[in-house]
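Given next are the chains, with one letter for each unit.
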Amino acid sequence: MVTKKKLSQEYSQNTETIHTQTWSQNSLKIRIDHLKTFEPLTENQKKFFDAYKQGDYFIALHGVAGTGKTFIALYKAIEEVMDKSTSFNKIIVVRSAVQSREMGHLPGDVGEKMEIYEQPYRQICQQLFDKRDAWDRLEEQGHIRFISTSFIRGMSFDDAIII
């Protein structure tokens, strides 16, 4: 027999669980105010920031490794996507992974096989938000996606920034 007291206890336990889940889900959501602020370090980075500020989104960054091209591109893209006043709502990171064509014999799904190529972007997001799982949170919120050139054929991307 179910008593009023027992029902009340079950309800309060369920309510606590629901409130805890809602709070933890909201606390995991990354917002634009979590994004650290970075200033350009070099003259070329300053040119990129200035061009981006003027609305020139079609920019080719080139140069030697380690000059911050990927870092500043991802930083500015995240700023745009998380700003609700812009028309962009997601970032598509496209990277050539020629080895992925021959990875069929390795265990795991495509995502597990491509994870090694996501690492630089994961590290950048960790630095931008000072959160270890920033990439995963952005991905869960639909703000960012990684695709290899091996698997991109025939896809269309609307309202996206492509890196």
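Preceding this section is the structure that the text describes.
Residues numbered from 1 in each chain as written. Predicted model: local features only at pLDDT ≥ 70, side-chain atom pairs only at ≥ 80, totals over all residues. Heavy atoms only, no water.

A. Spatial organisation of the overall build of the chain. Helix and strand content of the chain: 5 helices and 3 strands. Reading the secondary structure of the chain in the N-to-C direction produces α-α-α-β-α-α-β-β. For the chain, with 163 residues in total, the buried portion stands at 29%. Across the chain, the fraction of contacts at a sequence separation of at least 24, relative to all contacts at a separation of at least 6, is 70%. Carbon and sulfur atoms make up 52% of the accessible area of the chain, which amounts to about 11,400 Å² in all. (Helix = DSSP H or I, 4+ residues; strand = E, 2+ residues; numbered from the N terminus. Buried < 20%, exposed > 50% of the residue type's maximum accessible area, 1.4 Å probe, protein only. Contact = heavy atoms within 4.5 Å. Areas by Shrake-Rupley, 256 points an atom, 1.4 Å probe, with all protein chains shown as cover.)

B. Representation of the pairing of strand β1 (residues 90-95) in the model. For β1 and strand β3 (residues 160-162), the ladder comprises 3 bridges, and the chain directions are parallel. Bridging from a neighbouring strand, I92 pairs with I162 of β3. The pairing of β1 with strand β2 (residues 144-148) spans 5 bridges and is classified as parallel. By the bridge assignment, V93 is partnered in β2 with F146. (Pairing = 2+ DSSP bridges.)

C. Representation of the nonpolar core in the model. Counting residues in each nonpolar core, the largest one holds 30 residues, and the members touching the most others are I78 and F129. Those elements that place two or more of their residues in this core are α2 (43-53), α3 (69-82), β1, α4 (110-129), α5 (134-140) and β2. The element best represented in this core is α3, accounting for 8 residues. Excluding anything up to four places from it in sequence, I78 contacts L35, I91, C125, L128, F129 and L138. (Core = buried A, V, L, I, M, F, W, Y, C linked by side-chain atoms within 4.5 Å.)

D. Quick peek at α3. A rise of 1.5 Å per residue sets the reference length of α3, with its 14 residues, at 20 Å; its end C-alpha atoms lie 20 Å apart and thus fit the reference within 8%. Burial analysis of α3 places 11 of its 14 residues in the buried class, which makes it a mostly covered element. Tucked into the core, α3 has its buried residues touching α2, β1, α4, α5, β2 and β3. (Expected span 1.5 Å × (residues − 1).)

E. Expanded view of the packing of aromatic side chains. Scanning the model with the defined rule gives 7 aromatic pairs in all. Relative to Y75, the ring of F38 lies with its centre 5.6 Å away and its plane at 80 degrees, an arrangement referred to as edge-to-face. Here F38, found in the loop between α1 (4-28) and α2, pairs with Y75, found in helix α3; they are 37 residues apart in sequence, far enough to count as distant. The interplanar angle of 35 degrees and the centroid separation of 6.4 Å between the aromatic rings of Y121 and W135 together place this pair among those described as tilted. Remark: W135 occurs in helix α5 and Y121 occurs in helix α4; sequence separation between them is 14 residues. (Phe/Tyr/Trp six-rings, centres within 6.5 Å; stacked < 30°, edge-to-face > 60°.)

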